[in-house]
Amino acid sequence: MAPLTRLRASEDNVPADISQEYYSQRASLGGLIISEGVVISEEANGWLNAPGIWNDSQIACWKQIVDGIHAKGGFIYMQIFAAGRVASPDVLKRTGHNLASPGDIPMNEGDPAPKMMSRDDMYRYLETFTNAAKNAVIEAGFDGVEVISANANNRTDEFGGSVENRSRYILMLIKSVTEAIGQEKTGIRFSPYADFQNVRMPDDQLEPQFMHLITAIKDQFPKMAYLHLIEPRIQGSGEVPNSVESSQGKSLDHLREAWGGDREGSPVFAAGGHTLGTAQETIAEHGGAVVFGRAFLANPDLPLRLRHRLELNKANRETFYTNGAEGKSFPFRK
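Since this is a predicted model, take the numbers as computed values, not measurements.

1. Re the environment of Glu21
With respect to the secondary-structure elements, Glu21 resides in helix α1 (residues 17–26). Judged by relative accessible area, which is 35%, Glu21 ranks as partly exposed. Along the backbone, Glu21 and Gly68 are 47 residues apart, and their C-alpha atoms lie at a distance of 8.7 Å.

2. Comments concerning the nonpolar core
Counting residues in each nonpolar core, the largest one holds 84 residues, and the members touching the most others are Tyr23, Trp62, Ile80, Phe190 and Ile217. Top contributing element to this core by residue count: helix α4 (residues 119–139), with eight residues. Filtering out sequence-adjacent residues up to four positions away, Ile80 remains in contact with Val38, Ile40, Phe129, Ala132, Ala133, Val145, Glu146, Val147 and Ile148.

3. Considering the environment of Ser10
Structurally, the position occupied by Ser10 is in the segment before α1. Each C-alpha atom, one on Ser10 and one on Ala50, is 7.9 Å from the other, the two residues being 40 residues apart in sequence.

4. Re the pairing of strand β5 (residues 144–149)
Within a regular beta strand, the side chains point alternately toward one face of the sheet and then the other, so they alternate between its two faces. Burial analysis of β5 places five of its six residues in the buried class, which makes it a mostly covered element. Two elements, strand β2 (residues 75–81) and β5, share four bridges in a ladder whose sense is parallel. Bridge assignment links Gln79 to a residue of β5, and that residue is Glu146. Taken together, β5, helix α5 (residues 163–181) and strand β6 (residues 186–190) constitute a β-α-β crossover, and its handedness is right-handed.

What counts, and at which threshold
Residues numbered from 1 in each chain as written. Predicted model: local features only at pLDDT ≥ 70, side-chain atom pairs only at ≥ 80, totals over all residues. Heavy atoms only, no water. Helix = DSSP H or I, 4+ residues; strand = E, 2+ residues; numbered from the N terminus. Buried < 20%, exposed > 50% of the residue type's maximum accessible area, 1.4 Å probe, protein only. Core = buried A, V, L, I, M, F, W, Y, C linked by side-chain atoms within 4.5 Å. Contact = heavy atoms within 4.5 Å. Pairing = 2+ DSSP bridges. Right-handed = clockwise from strand over helix to strand, strands pointing away.

Quick look at the structure:
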């Protein structure tokens, strides 16, 4: 199951009671769930009702969720993130923080520009990410963490400019996290072709950058749990209409090759608008795994439905990000 933003935590960023039911419903024997994005610290927040992993109350609630998934024989990784430039300045002000990001690029034209983080801030966040990973795996019992990396970067120091410099920080972050919890418990997610929130790099920079970065991760961290890639046809929560054009003439093939293909113990996960048919085709051609997102929202028993080719419930997009119980209950097949 893909990481799916729900925004159902309390004002203190503690997962709500319905979160335990939500995750337990979607757990299955041998199945892997990647959690919704979980904020690494109060300073790194910026969304109302986003869950966190920096204090004891949050850890305790997550542990109950993890225990419920493990009781069904399932596995769960936590996706950890910092909101950066997409945070709400008003939400940050409530806790005495300001909008800050590795770069000072506004999310959209007319939006406030974030303050560019200093070198000291960047190094401090390495520790914050690492503490979040330890809280998830060591304290709450998660099977691992997924680090999500965005693309916006206009720095001119050792973390920006050249291909090598732009790769530097994520490599440092992976090194810090894997030294704390292990390479086998750490996955990485990229959306190279997404233009959501204006993160896409110019095409002449994009492919050299990601080829370099993915190759470097493979070489430096050969036992990483997985590489998670978003299909070119996906644009954030939306999707370009299917057909050849939906992939913008692009594919993930060269990035899979940079990773070394479907390496034993370190597969490539592909996510984005897949059906049972396209998932089977992708796995037959490339190996690895295919990740389902929206289909899981309306079909908590999705693995059973796919296995037996049963009809799927349709998801209601209006309930995707509500803070209540709307849209949480869907019928299971008997």
